Amino acid sequence: MTDLLDRPPGGLPYPGGDGDDLELMLMIRAFEYKLLDLFAAGMLNGTTHTCLGQEHVPVALSPLMDPRDHVFSNHRGHGHYLARYRDPHGLLAEIMGREGAVCGGVGGSQHIHRDRYMSTGVQGESLPVAAGVALHLSRAEPGAAAWAYIGDGTFGEGAVYEALNIAALWRLPVVVVVENNGIAQSTPTSAHLAGTIAGRAAAFGVPHLAIGSTDPAEIRDIVAGPLGHVRAGRGPLVLEFRTHRLGPHSKGDDTRDEQALREARAGDWYHRYAAADPAGLARVESEQRAYVAAVADEVAARPPSTGRAACG
Amino acid sequence: MITMAQALNAALGDAMAEDEQVVVFGEDVGALGGVFRITDGLTAKYGEDRCFDTPLAESGIVGFAVGMAMGGFRPVVEMQFDAFAYPAFEQIASHVAKTRNRTRGRVGLPLVIRIPYGGGIGGVEHHCDSSEAYYAHTPGLKVVTPATVQDAYSLLREAIDDPDPVVFMEPKKLYWSKADIGRLARTEPFGRAAVRRAGSDATLIAYGPSVPVALETAEAATQEGWDLEVIDLRTIVPFDDATVTASVRRTGRCVVVGEAAGFAGVGAEIAARVQERCFHSLAAPVLRVTGFDVPYPPPMLEHHHLPSVDRILDTLDRLQRDDLPDTRFLALGGAA
């Protein structure tokens, strides 16, 4: 797997250094903006869900993930994939149906599989699967964990509770990463969730951490200790990130008023870097945009996918 | 003499003995051995790591099995009754059936979902559904149903060994059927129907709980001069077109028998395939004898609902035995 991390098949090598969180966050952001551009230009089909405003979560967590860990992502998963594999070529080729696509162009934006990473767009569906993988890990590869990214809206799904119950009961190494962006498509959390996510975790006796920080290093410090307990076999963990969705749910379906959008933008991690080093931020941002633009040009020029997967 | 339930139990036990990755779980399958005792004694023999009880959570159980199969286990899960599997359908349709294709062949899910199905036990409606069409209509699933004690063993062993997901449908009214089998053995791979009775006048096609009814009908029909061939599909998916086609081309007449509601059911698919492949050999329309298009009736009425010898014999009357046009159905408004 590691040989694929830095040098995606047939593409420009990713220019960011290992461990440079800001570069990776800006690469993901540039990637998402590029997708919206390509949609506007009629070069993509179907739909897409961008993670604009939530890039810091997978960037913070990915270095904490062991190569043996399984990762389950959701419909808003481009950042999750890019943070783990730094492979914008494979992902864009997958979305565009071009040669070199991660899953041969069959999975598209929402159904990515690569090694121990899998995404699915049906809400909550991956949590029982993560629990099942975790049982196998606990017996065959102790110390490894299964991670599942979900959103606040996912807590409406019964599968979440079936899985939390099983995982807590059998002390399975499952980390549930909740990206609580305060809105499920167009329905605010206040209109779809009774009680709290913390309360729901508590009902199963599952430790829960509420994380408001957008600083990847700080997040890793917060998570490292409780994660150790998961890896030691003491059972699952719920990490709830307070995030802000800058864009629409998919495209053109944002019903929020100007005030709500202003609040979402005010919570963007971007401002912290802009305040600290505006010139440095502008330079890295411009580099990443240029890189992603070159990736998009190169991928768009490729022939259609033959249906063969690029990597396993 | 052993029962079909005992043959299934033996298949699970033998598979667990041969491969420690085979793991059995579901609701009350441990100490109780399942409501039909199919998992009887497995926890005692193989331990709680190999055969264990779960919470009441069918979606969670099947999703859990998907994850376990991705990890390297060969899970065999029990859905307690046909209708209890419906909460799991989300996982079955979206994960179980699609993962092999979505990953371009890289991730197979070697798991078995056992579902007791069908009526004839005087049960309530959610204990008697014939749900095979839902699974057969979902590409990516194999759908298997034994009709004999020997097949119960052989097909379940085959299902557990299969590299892809199998929905294994157990005809619950045949759980207590008995056969004298010297030694349980693996017989044929999936996709081979069995000719249970050779005949020359018409072909009865059945599967699972309807096979004994079809065979009984064939015996009764000899009184009326019919020599019927009876085919037991054994696997609905993959479907054995070759055996079915060869039979109907020879007999020229075909009746499909099944407990499920007829509309848009497996019988409709079989009838379509037969006429597509045997059109020029057919001397009569392909007919179906099925459950009615109603929710499963209460116990006092189920014998009317399920295909019976009499209903099948009545249907045979409409097969234009003398190659003369049958105009009687016109008086009935054309209804089959």
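No experiment lies behind these values; they were computed from the predicted model shown.

Trainee: Help me understand the sheet that holds strand 4 (residues 146–151) of chain A in this model?
Mentor: The strands making up a sheet associate through hydrogen bonds between their backbones, and the pairing can be parallel or antiparallel. Residue and element names in this part refer to chain A. As summarised here, the arrangement of the seven strands in space is 2-3-1-4-5-9-8, forming an open sheet in which the pairing is mixed. The open sheet has two free edges, formed respectively by strand 2 (113–114) and strand 8 (208–211), since each of these has just one partner strand. Sheet analysis places strand 1 (residues 70–73) next to strand 4, joined by three bridges and oriented parallel. For Val71, the partnering residue across the bridge sits in strand 4 and is Trp147. This element, helix 4 (residues 78–85), spans strand 1, strand 2, strand 3 (117–119), strand 4 and strand 5 (174–180) of the sheet and lies at about 170° to strand 3.

Trainee: What's the story with the UniProt feature "domain: Transketolase-like pyrimidine-binding" (unreviewed entry) in chain B in this structure? I'm lost.
Mentor: In the numbering used here, UniProt assigns the feature "domain: Transketolase-like pyrimidine-binding" (unreviewed entry) to residues 2–177 of chain B. Helix makes up 36% of residues 2–177 of chain B and strand 17%, and the two end C-alpha atoms of the span are 8 Å apart.

Trainee: When you look at the pairing of strand 2 (residues 22–26) of chain B in this model, what are you seeing that I'm missing?
Mentor: Here is the key point about a regular strand: its side chains alternate between the two faces of the sheet. All names here are of chain B. Of all five residues in strand 2, five are buried; the element is thus mostly enclosed. Of the two faces of strand 2, both are covered, the one formed by Val22, Val24 and Gly26 as well as the one formed by Val23 and Phe25. In this structure, strand 2 lies alongside strand 4 (residues 74–78), joined through five bridges in parallel fashion. Its bridge partner being in strand 4, Gly26 is matched across the sheet by Glu78. By the bridge criterion, three bridges tie strand 2 to strand 3 (residues 51–53) in an arrangement that is parallel.

Trainee: Mind showing me how you'd approach the sheet that holds strand 14 (residues 287–291) of chain B here?
Mentor: Residue and element names in this part refer to chain B. The five strands are arranged 9-11-10-13-14 in an open sheet whose pairing can be described as mixed. Taken across any chain shown, the strands that pair with only one partner, and hence form the sheet edges, are strand 9 (194–197) and strand 14. The average undirected angle you get between the axes of adjacent strands in this sheet is 25°. With three bridges connecting them, strand 10 (residues 202–206) and strand 13 (residues 254–261) associate as parallel partners.

Trainee: When you look at the side chain of Asp82 of chain B in this model, what are you seeing that I'm missing?
Mentor: Residues and elements named next belong to chain B. Relative to the helices and strands, Asp82 is located in the loop between strand 4 and helix 4 (89–96). A polar side-chain atom of Asp82 sits 3.1 Å from the main-chain amide nitrogen of Asp129. Excluding anything up to four places from it in sequence, Asp82 contacts Ile115, Pro116, Tyr117, Gly118, His126, His127, Cys128, Asp129, Ser131 and Lys172.

Trainee: Any chance you could explain the interface of chain B and chain A here in plain terms?
Mentor: Size of an interface: often given as the accessible area lost when the parts come together. Chain B puts 30 residues into the contact, and the matching count from chain A is 32 residues. Here chain B and chain A share an interface that buries about 2500 Å² over both sides, 67% of which is from carbon and sulfur atoms. Considering only the side of chain B, the residues that lose the most area to chain A are Phe64, Arg102 and Arg106 of chain B, jointly responsible for 26% of the buried surface there. Linking chain B to chain A there are one salt bridge.

Trainee: Even after reading the chapter, I still don't get the packing of helix 6 (residues 126–140) of chain A against helix 3 (residues 58–71) of chain B, so can you show me in this structure?
Mentor: It is the contact of helix 6 of chain A with helix 3 of chain B, at a shortest axis distance of 6 Å, that shows an interaxial angle of 45°. As summarised for this structure, helix 6 of chain A and helix 3 of chain B are arranged oblique, according to the angle between their axes. Judged by the sense of rotation from one axis to the other, the crossing of helix 6 of chain A with helix 3 of chain B is right-handed. Taking contact as the criterion, the partners of Pro128, Val129, Ala131, Gly132, Val133, Leu135 and His136 of chain A in helix 6 of chain A are, on helix 3 of chain B, Ser59, Gly60, Gly63, Phe64, Val66, Gly67, Met68, Met70 and Gly71 of chain B. Across the contact of helix 6 of chain A with helix 3 of chain B, the residue classes break down as nine nonpolar, seven polar and no charged.

Trainee: I would appreciate a short explanation of the environment of Lys251 of chain A in the present structure.
Mentor: Residue and element names in this part refer to chain A. Along the polypeptide, Lys251 turns up in the loop between strand 9 (237–242) and helix 11 (258–266). Separated by 18 residues in the primary sequence, Lys251 and Gly233 place their C-alpha atoms 41 Å from one another. With residues up to four places along the chain from it excluded, the contact list for Lys251 reads Leu36, Phe39, Gly46, Thr47 and Thr48.

Trainee: Hey, could you run me through the domain arrangement of chain B in this one?
Mentor: Residue and element names in this part refer to chain B. Under the domain assignment, chain B is made up of domain 1 (2–179) and domain 2 (194–331). Centre-to-centre separation of domain 1 and domain 2, based on C-alpha positions: 28 Å. Contacts between the two partners involve 27 residues from domain 1, matched on the other side by 23 residues from domain 2. The contact between domain 1 and domain 2 buries some 1900 Å² in all, and 60% of this surface belongs to carbon and sulfur atoms. Counting every contact that joins domain 1 to domain 2 gives three salt bridges. If you look at where domain 1 meets domain 2, you find 11 residue pairs in polar contact (both at pLDDT 80 or more). At the level of secondary structure, the elements contributing two or more residues to the side of domain 1 that touches domain 2 comprise helix 6 (132–136), strand 6 (142–144) and helix 7 (149–161).

Trainee: Explain the state of the cysteines here, please?
Mentor: A disulfide bridge is the covalent bond that connects two cysteines by way of their sulfur atoms. Taken as a whole and assessed by the stated rule, the structure comprises zero disulfides over all chains. We note that Cys254 of chain B lacks a disulfide partner, and the nearest cysteine sulfur, in Cys278 of chain B, lies 7.6 Å from it.

Trainee: I keep staring at the UniProt feature "domain: Dehydrogenase E1 component" (unreviewed entry) in chain A and nothing clicks. Help me out?
Mentor: As annotated in UniProt, the feature "domain: Dehydrogenase E1 component" (unreviewed entry) corresponds to residues 25–266 of chain A in the numbering used here. In residues 25–266 of chain A, the share of helix is 42% and the share of strand is 15%. The end C-alpha atoms are 17 Å apart.

Trainee: Help me understand the packing of aromatic side chains, please; the structure alone is not making it clear to me.
Mentor: Geometry of an aromatic ring pair is reported as the spacing of the ring centres plus the angle between the planes. The full count for this structure, using the stated rule, is 18 aromatic pairs over all chains. When the ring of Tyr161 of chain A is compared with that of Phe204 of chain A, the centres are 6.2 Å apart and the planes differ by 20°; the resulting orientation is stacked. Note that Tyr161 of chain A is positioned in helix 7 (residues 158–169) and Phe204 of chain A in the loop between helix 9 (197–203) and strand 8, a separation of 43 residues in sequence. By relative accessible area, which is 21% here, Tyr161 of chain A ends up partly exposed. The exposure class of Phe204 of chain A is partly exposed, given its relative accessible area of 24%. Ring plane angle 85° and centroid distance 5.5 Å describe the contact between Phe81 of chain B and Phe84 of chain B, whose orientation is recorded as edge-to-face.

Trainee: I'm lost on the side chain of Asp87 of chain A in this one. Help?
Mentor: All names here are of chain A. Along the chain, Asp87 turns up in the loop between helix 4 and helix 5 (88–96). By relative accessible area, Asp87 is classed as buried at 0%. Reaching out from Asp87, the side chain makes a polar contact with the side chain of Tyr81 at a distance of 2.6 Å. Polar side-chain contacts of Asp87 include one of 2.9 Å to the side chain of Arg114.

Trainee: I'm lost on unusual backbone geometry in this one. Help?
Mentor: Residue and element names in this part refer to chain B. The linkage connecting Val237 with the following residue, Pro238, adopts the cis geometry, with an omega of 0°. One non-glycine residue, Asp28, adopts positive backbone phi at about 60°. Positionally, Asp28 belongs in the loop between strand 2 and helix 2 (42–46). On the basis of relative accessibility, which here comes to 35%, the residue Asp28 falls in the partly exposed class. If you check the backbone angles, Arg234 has positive phi at about 65° while not being a glycine.

Reading the values: rules and limits
- Residues numbered from 1 in each chain as written.
- Chains lettered and ligands numbered in written order.
- Predicted model: local features only at pLDDT ≥ 70, side-chain atom pairs only at ≥ 80, totals over all residues.
- Heavy atoms only, no water.
- Pairing = 2+ DSSP bridges.
- Helix = DSSP H or I, 4+ residues; strand = E, 2+ residues; numbered from the N terminus.
- Contact = heavy atoms within 4.5 Å.
- Axes fitted to C-alpha atoms, helices over the stretch in contact; angles between N-to-C directions.
- UniProt positions renumbered as here; feature names shortened; annotations may be inferred.
- Buried < 20%, exposed > 50% of the residue type's maximum accessible area, 1.4 Å probe, protein only.
- Polar contact = N/O pair within 3.5 Å; in protein donor to acceptor, adjacent residues only side chain to side chain.
- Buried area = accessible area lost by both parts, 1.4 Å probe.
- Salt bridge = Lys/Arg side-chain N within 4 Å of Asp/Glu carboxyl O.
- Parallel < 35°, antiparallel > 145°, perpendicular 65-115°, else oblique.
- Left-handed = near helix turned anticlockwise from the far one by under 90°.
- Nonpolar A, V, L, I, M, F, W, Y, C, P; charged D, E, K, R; others polar.
- Domains from an automatic or database assignment.
- Disulfide = S-S within 2.5 Å.
- Phe/Tyr/Trp six-rings, centres within 6.5 Å; stacked < 30°, edge-to-face > 60°.

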